[in-house]
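Observations on the model geometry
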Amino acid sequence: KAGVTQTPRYLIKTRGQQVTLSCSPISGHRSVSWYQQTPGQGLQFLFEYFSETQRNKGNFPGRFSGRQFSNSRSEMNVSTLELGDSALYLCASSVTGGSGEKLFFGSGTQLSVL
Amino acid sequence: DQQVKQNSPSLSVQEGRISILNCDYTNSMFDYFLWYKKYPAEGPTFLISISSIKDKNEDGRFTVFLNKSAKHLSLHIVPSQPGDSAVYFCAASGRRAGTALIFGKGTTLSVSS
């Protein structure tokens, strides 16, 4: 069974640009969540989607958005990039996103904002 | 304010000995606690979890202990192996579906042979 796939693996952007990251969950998983990992803050929750609906959102500005498609694939978008957006963005999937359910993470997209 | 804290940024242990990684939390509403392991350039991988109604869960070399009164949990690895060298994250989640995992900042474990 294929794992969680994130593309691209690396991205370099400049301030003010926008970026779209993609995530394909494990087959049969309907919940997709996104996390940002930075050296200073650790892993922080961005948002979670289930059946194309955002169920939960973390404490990030509106420049961070996401969506989920009918095949459970998900994208996240960051507009008007800032230097502080440089981070590893991790996508995780689970069957239903239920409490305590094991999350399976992708390898992440490393975003560098110059 | 951090709801999940891992106060030791690093831990060094000899092969064959016990590794004990600690985690403290502040929110008594957390329902599940999980441990993840992360190697460089890879995403975190699930290790073991424990429900808030239990005080111990074991899986092979890994055991997690939960002390609700102290709001403290620990991960024991016995015996430690060089392949266990990684960053270990403690995480907690609430009861609601779709709830976020709240992660600690991680502890880097180094196991020397």
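Check the entry above for the structure.
Calculation rules
Residues numbered from 1 in each chain as written. Chains lettered and ligands numbered in written order. Predicted model: local features only at pLDDT ≥ 70, side-chain atom pairs only at ≥ 80, totals over all residues. Heavy atoms only, no water. Helix = DSSP H or I, 4+ residues; strand = E, 2+ residues; numbered from the N terminus. Rg over C-alpha atoms; globule rule 2.2 N^0.38 Å. Buried < 20%, exposed > 50% of the residue type's maximum accessible area, 1.4 Å probe, protein only. Contact = heavy atoms within 4.5 Å. Areas by Shrake-Rupley, 256 points an atom, 1.4 Å probe, with all protein chains shown as cover. Lys, Arg positive; Asp, Glu negative; His and termini not counted. Charge placed at Lys NZ, Arg CZ, Asp CG, Glu CD. Salt bridge = Lys/Arg side-chain N within 4 Å of Asp/Glu carboxyl O.

Some thoughts on the overall build of chain B
Looking only at helices and strands, chain B features 0 helices and 11 strands. Over its C-alpha atoms chain B spans a radius of gyration of 13 Å, differing by no more than 12% from the 13 Å that the globule rule assigns to 113 residues. Each of the three principal axes of chain B carries a C-alpha extent, and together these read 40 × 30 × 20 Å. Here chain B holds 113 residues, and 45% of them are scored as buried. Intrachain contacts of chain B at a sequence separation of at least 6 include 53% that bridge at least 24 residues. Accessible surface, chain B as shown: approximately 5,400 Å² in total, 48% of it carbon and sulfur. Once the 12 positive and 9 negative side-chain charges of chain B are each reduced to a mean point, those two points are 5 Å apart.

What to know about the overall build of chain A
In terms of helices and strands, chain A carries 0 helices and 11 strands. Going from the N terminus to the C terminus, chain A shows its helices and strands as β-β-β-β-β-β-β-β-β-β-β. For 114 residues, the compact-globule estimate of 2.2 N^0.38 gives 13 Å, and chain A sits close to it at 13 Å. Each principal axis of the C-alpha atoms in chain A carries an extent, and together these give about 35 × 25 × 25 Å. For chain A, contacts bridging at least 24 residues in sequence account for 55% of all contacts bridging at least 6. Summed over all atoms, the accessible surface of chain A reaches about 5,200 Å², with 49% contributed by carbon and sulfur.

Focus on the pattern of salt bridges
All names here are of chain A. Counting across every chain of the model gives 7 salt bridges over all chains. For R55, the salt bridge is made with E48, and the minimal N-O distance between the two is 2.7 Å. When its relative accessible area of 2% is taken as the criterion, E48 is described as buried. In this structure, the salt-bridge partner of D85 is R63, at a minimum N-O distance of 2.8 Å. Of this pair, D85 sits in the loop between β8 (74-78) and β9 (87-94) while R63 sits in the loop between β6 (53-57) and β7 (64-68), placing them 22 residues apart in sequence. Bridged by salt links that share partners, the residues R63, E82 and D85 form one connected network.

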